[in-house]
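Here is what each chain is made of, one letter per residue.
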Amino acid sequence: MQGTMRPTAGALQQTVGCWHVPAGIPHAQQALRGRILPEELKQRCSATKPRAARQSAVTAAKLAEGKAGTPSRSLRQQPAAPQQQQQQQDSNELVALREAAKASLSSPAPAEWVDRFGSEPRKGADILVQCLEREGAFRVFAYPGGASMEIHQALTRSGIIRNILCRHEQGEIFAAEGYAKCTGDVGVCIATSGPGATNLVTGLADAMLDSVPLVAITGQVPRKMIGTDGFQETPIVEVTRQITKHNFLVMDLDDLPRIMKEAFYLARTGRPGPVLVDVPKDIQQQLAVPDWDTPMAISGYMSRLPAPPNPSQLAAVVRALKEAKRPTLYVGGGALDSSAELREFVRLTDIPVAQTLMGLGTFPEEDPLALQMLGMHGTVYANYAVNDSDLLLAFGVRFDDRVTGKLEAFASRARIVHIDIDPAEICKNKEAHIPICADLRASLIALNELLRRDPLPEGAFADWRAAIEAKKQEFPMTFPERDDVIIPQRAIQMLYEETNGEAIISTGVGQHQMWAAQWYQYNEPRRWVTSGGLGSMGFGLPSALGAAVAYDGTDGRPKKVVVDIDGDGSFLMNCQELATAAVEGLETKIMILNNQHLGMVVQWEDRFYKANRAHTYLGHRANEYHTTLDESHIFPDFVMMAKSCGVPGRRVIKPEELRGAIREMLDTPGPFLLDVMVPHVEHVLPMIPGGGSFKDIITKGDGRDEY
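Every chain is numbered independently, its residues counted from 1 as its sequence is written. The predicted nature of this model means local features are confined to residues of pLDDT at least 70 and side-chain atom pairs, given and counted, to a pLDDT of 80 or more, with totals for whole chains, interfaces and linings taken over all residues. Only hydrogens and water are set aside when side-chain values are computed; all heavy atoms of the structure are taken into account.

Per an unreviewed UniProt entry, the protein chain goes by the name Acetolactate synthase and belongs to Lobosphaera incisa. UniProt positions are given in the numbering used here, feature names are shortened, and annotations may be inferred rather than shown by experiment. Here is the UniProt Sequence similarities (unreviewed entry) comment for the protein chain, exactly as written: "Belongs to the TPP enzyme family." The heading Catalytic activity (unreviewed entry) in the UniProt record of the protein chain holds the text "2 pyruvate + H(+) = (2S)-2-acetolactate + CO2".

In structure tokens, the structure reads:
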């Protein structure tokens, strides 16, 4: 899952004038984020995996090369009389790719960009800010400090970059993630050295696991003080080695323009991810005339960017489709930018689509072929489809444990086609029968063309779709209707109705996150902003700020409604960003589903720990609101907290007042906080216990039952 090749711990590679610090990972995942040739995949897998896994990886690689058989005779790669011709074609494509990569190492300045300093020397901090301008990073999230104040001074001299001053560095990097997740562009955050830099660590890990394009810039103590344990010195390149795609410590000002070009290129290409650039303070203060034409020095990375998908592999996929009786699409975050091509593929095949938490919106959930989310809290029918499928088309996914549960039981009846841009993911968790390490969009374009030329038989999977429809009728998504309390699922459903499904939704982490995934339907990609792989509480509000900045209706950008659906525990972790929302005037709506508990942990306590409460109640222990029903015992008072920051708010307890309160939130200009009181006994269902399989799925019960 990592980006640049990584040496042994602590190793540094010196390049011209700077310390170039690749991040380190186990050798099996040394491949750069992007695609590599099947032969490289085979060598890397066989060099590092245990013997049994090594053999399976070699088999997968041979499949990719067309040298090994498959579980079915008709799936075997055809001997292809013109095999040499095909090899020559692949070779020509590779040569063309390398030439294009070489040409792109030198990136011209944007046509509209003008160097306001002309040929005059300027500070390193100004060069850094100009690099951001040249990359089109006109919105940044930065918090100043001693080692980064030169950068902030330079930002004030830029007429086109706006800084959003979040109130905590974790808030700023989550905001940058929110910006990146809802736009697909590179998010940028800036922090000072020491504690400022270490406050970015959770966000870097979060961006790494969710493949978010991000450039984090940190100030550092002057070069001569590095290694002396100076004030606010932290070796942030070492600290972040395992959780960045790449990182740099700039030791020569002349290298800064090149490094910044590389940082943005690495962040956005191949499998996206976070890149950290650490800039000592004396580099920021030094004067120089930048050479904007210095080419990037990442030819090794460029050479590993993928060739076009192999036609013989794609032909094998089509043959597998024609043999299948019960195919299912398993679509993840890697498919977000291939939404149009995926929809065309479904139109050509009529195959049902299950989406991961990170993939929601890639395929419209209102479509009859949509199975909604699969996995631990996915629908029964999505998990049924995967469990009973005979062909699983895994597109842009990584077979995460929250999706698969017990790996041996996951899709155990199915041949697996796995298409992913990251070679480290192929056959990592689940063996693929047809592994394709390639760009998904290019692969889908080619597959769609093959299917148009040679379509599947009419109604090929009608019986399978009927079986899934029957499962939908047997196990529909439902929630209990009550007139005495507000049911959280109903609150989200009502929000969907009032926004016509057109809002960008961000969340924290917990029960509210899963309910938001289940009950707010996503029909377009990049309308769903959440922390998936790392599960970072406190993500909701700052990421909503980032989304609101991206779609604020200024400078030609459209304006979109942004709502943070949060939990009381998660919201508290970054509630200081209320001040940011107020001061920056961001149109961020906050709907807190307040049950006074750490709801997801409570659910597990109910199910697996005999309802023993182990520090999961967040209010005053002497006066639990759900026992006393005394509104004065609600703790803390989020409405008062919001008003202290100049943000209007309202609390709603009665179900009959909910719709009006949601309407008030949406109609009020600027930020607004709606505190929705909900019962703590509600459970997120369906649920497959950790490490379980489809046969273990839970569909009934709540905290009032005994288990």
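### Some thoughts on the overall build of the protein chain
For helices the rule is a DSSP run of H or I covering at least 4 residues; for strands it is a run of E covering at least 2, with both sets numbered from the N terminus onward. For the protein chain, the helix and strand inventory stands at 27 helices and 22 strands. Taken across its 707 residues, the protein chain has 57% of its residues classed as buried. Taken as a whole, the protein chain presents about 27,400 Å² of accessible surface, with 52% of it coming from carbon and sulfur. Only protein chains enter the accessibility calculation, which uses a 1.4 Å probe; a residue is then buried when its area is under 20% of its type maximum, exposed when over 50%, and partly exposed in between. Per-residue and other accessible areas follow the Shrake-Rupley method at a 1.4 Å probe size, with only the shown protein chains counted as cover for residues.

### Points about the sheet that holds strand β19 (residues 562-567)
Adjacent strands of a sheet pair through backbone hydrogen bonds, lying either parallel or antiparallel. Each pair of strands is called paired provided DSSP finds at least two bridges between the two strands. Across the sheet, which stays open at both edges, the 6 strands sit in the order β18-β17-β19-β20-β22-β21 with parallel pairing between neighbours. Two strands close off the open sheet at either side, each with one partner strand: β18 (528-529) and β21 (649-652). In this structure, β19 lies alongside strand β20 (residues 588-594), joined through 6 bridges in parallel fashion. Within β20, the residue paired with V562 across the bridge is T588. Together, β19, β20, β21 and β22 (672-677) form the strand contacts of helix α27 (residues 658-667), whose direction differs from that of β22 by roughly 160 degrees. Note on contacts: a residue pair is in contact if any heavy atoms of the two residues lie within 4.5 Å. Where helices are involved, their axes are fitted lines through C-alpha atoms of the stretch in contact, as for all axes, and angles between N-to-C directions lie from 0 to 180°.

### A closer look at unusual backbone geometry
Cis geometry is found at the peptide bond from F635 to P636, where omega equals -10 degrees. Tracing the backbone through its elements, the reader meets P636 in the loop between α25 (625-628) and α26 (638-644). Between L685 and the following residue, P686, the backbone shows a cis peptide bond with an omega angle of 0 degrees. Considering the arrangement of structural elements, one finds P686 in the segment after β22. The phi torsion at K610 lies on the positive side, around 55 degrees, for a residue other than glycine. Along the chain, K610 turns up in the loop between α24 (599-608) and α25. Taking relative accessible area as the criterion, K610 reaches 72% and is therefore assigned exposed.

### A short note on the packing of aromatic side chains
Classification of ring pairs rests on two measures: the distance between centres of Phe, Tyr or Trp rings, Trp counted by its six-membered ring, which must be within 6.5 Å, and the angle between planes, read as stacked under 30 degrees, edge-to-face over 60 and tilted in between. Here the structure, examined in full by the defined rule, presents 16 aromatic pairs. Ring centres of Y330 and F410 lie 5.9 Å apart, and the angle between their planes is 70 degrees; on these two criteria the pair is classed as edge-to-face. Note that Y330 is positioned in strand β11 (residues 327-331) and F410 in the loop between α16 (401-404) and β15 (415-420), a separation of 80 residues in sequence. When sorted by exposure, Y330 lands in the same class as F410, which is buried. Centroid distance Y522 to W528: 5.0 Å. Interplanar angle 50 degrees. Geometry classified as tilted. You'll find Y522 and W528 in the same group, each marked buried. An aromatic cluster of at least three residues, connected via ring pairs, comprises Y496, Y520, Y522 and W528.

### Remarks on the side chain of E172
Tracing the sequence through the fold places E172 in helix α6 (residues 169-183). Setting aside residues no more than four positions away along its own chain, E172 makes contact with F141, A142, Y143, C166, C189, I190, A191 and L200.

### Points about helix α23 (residues 577-584)
Every buried residue of α23 is listed here: E577, L578, A579, T580 and A581. Of the residues flanking the end of α23, it is G585, one or two places downstream, whose phi is positive at about 65 degrees.

### Topic: helix α10 (residues 256-268)
Multiplying 1.5 Å by the helix residue count minus one yields the expected span of that helix. Over its 13 residues, α10 runs 19 Å from end to end, which matches the ideal 18 Å to within 8%, given 1.5 Å per residue. Within α10, 12 of the 13 residues are buried, leaving the element largely enclosed by the surrounding structure. For α10, the full list of buried residues reads L256, P257, R258, I259, M260, K261, E262, A263, F264, Y265, L266 and A267. Positioned one or two residues after α10, G270 has a phi angle of 55 degrees, which is positive.

### Some words on the nonpolar core
Counting 56 residues, the largest nonpolar core has L329, Y330, F345, L392, L393, F395 and F410 as its most contacted members. For this core, the element with the most residues is helix α13 (residues 311-323), which contributes 6 residues. Sequence-distant contacts of L392, that is, excluding residues within four places in its chain, are made with T328, Y330, V386, F399, F410, A411, A414, R415, I416 and V417. Buried residues of nine kinds, namely Ala, Val, Leu, Ile, Met, Phe, Trp, Tyr and Cys, make up a nonpolar core once their side-chain atoms join them within 4.5 Å. A216, A550, I590 and V647 belong to the second-largest nonpolar core, a separate cluster that totals 51 residues.

### What about the sheet that holds strand β13 (residues 370-373)?
If you walk across this open sheet you meet the 6 strands as β13-β12-β11-β14-β15-β16, and the pairing is parallel. Every other strand in the sheet has two partners, leaving β13 and β16 (434-437) as the edge strands with one partner each. Across the sheet, the axes of successive neighbouring strands diverge by a mean angle of 15 degrees, strand direction being ignored. The pairing of β11 with strand β12 (residues 353-355) spans 3 bridges and is parallel. Bridging across to β12, L329 finds its partner in V353. Contacts from helix α17 (residues 440-453) reach β14 (391-395), β15 and β16 within the one sheet, and its direction differs from that of β15 by about 125 degrees.

### Section: the pairing of strand β6 (residues 187-191)
With respect to burial, β6 is a largely interior element, 5 of its 5 residues being buried. Here β6 shows two buried faces, one formed by G187, C189 and A191 and the other by V188 and I190. Examined bridge by bridge, strand β4 (residues 139-142) and β6 share 2 bridges and lie parallel to one another. Paired with A142 across the strands is I190, a residue of β6. When β6 meets strand β7 (residues 214-220), the two strands line up parallel, connected through 5 bridges. Counted as the bridge partner of G187 is L214 from β7.

### Thoughts on the pairing of β14
The two faces of the sheet receive side chains in turn, since in a regular strand these alternate between them. Counting buried positions over the 5 residues of β14 gives 5, a clear majority of the element. Where burial is concerned, the two faces of β14 agree: the one with L391, L393 and F395 and the one with L392 and A394 are both buried. Note: β11 against β14, 5 bridges, orientation parallel. By the bridge assignment, Y330 is partnered in β14 with A394. Relative to β15, β14 is paired through 5 bridges, and the arrangement is parallel. Opposite A394, over in β15, you have H418 as the bridge partner.

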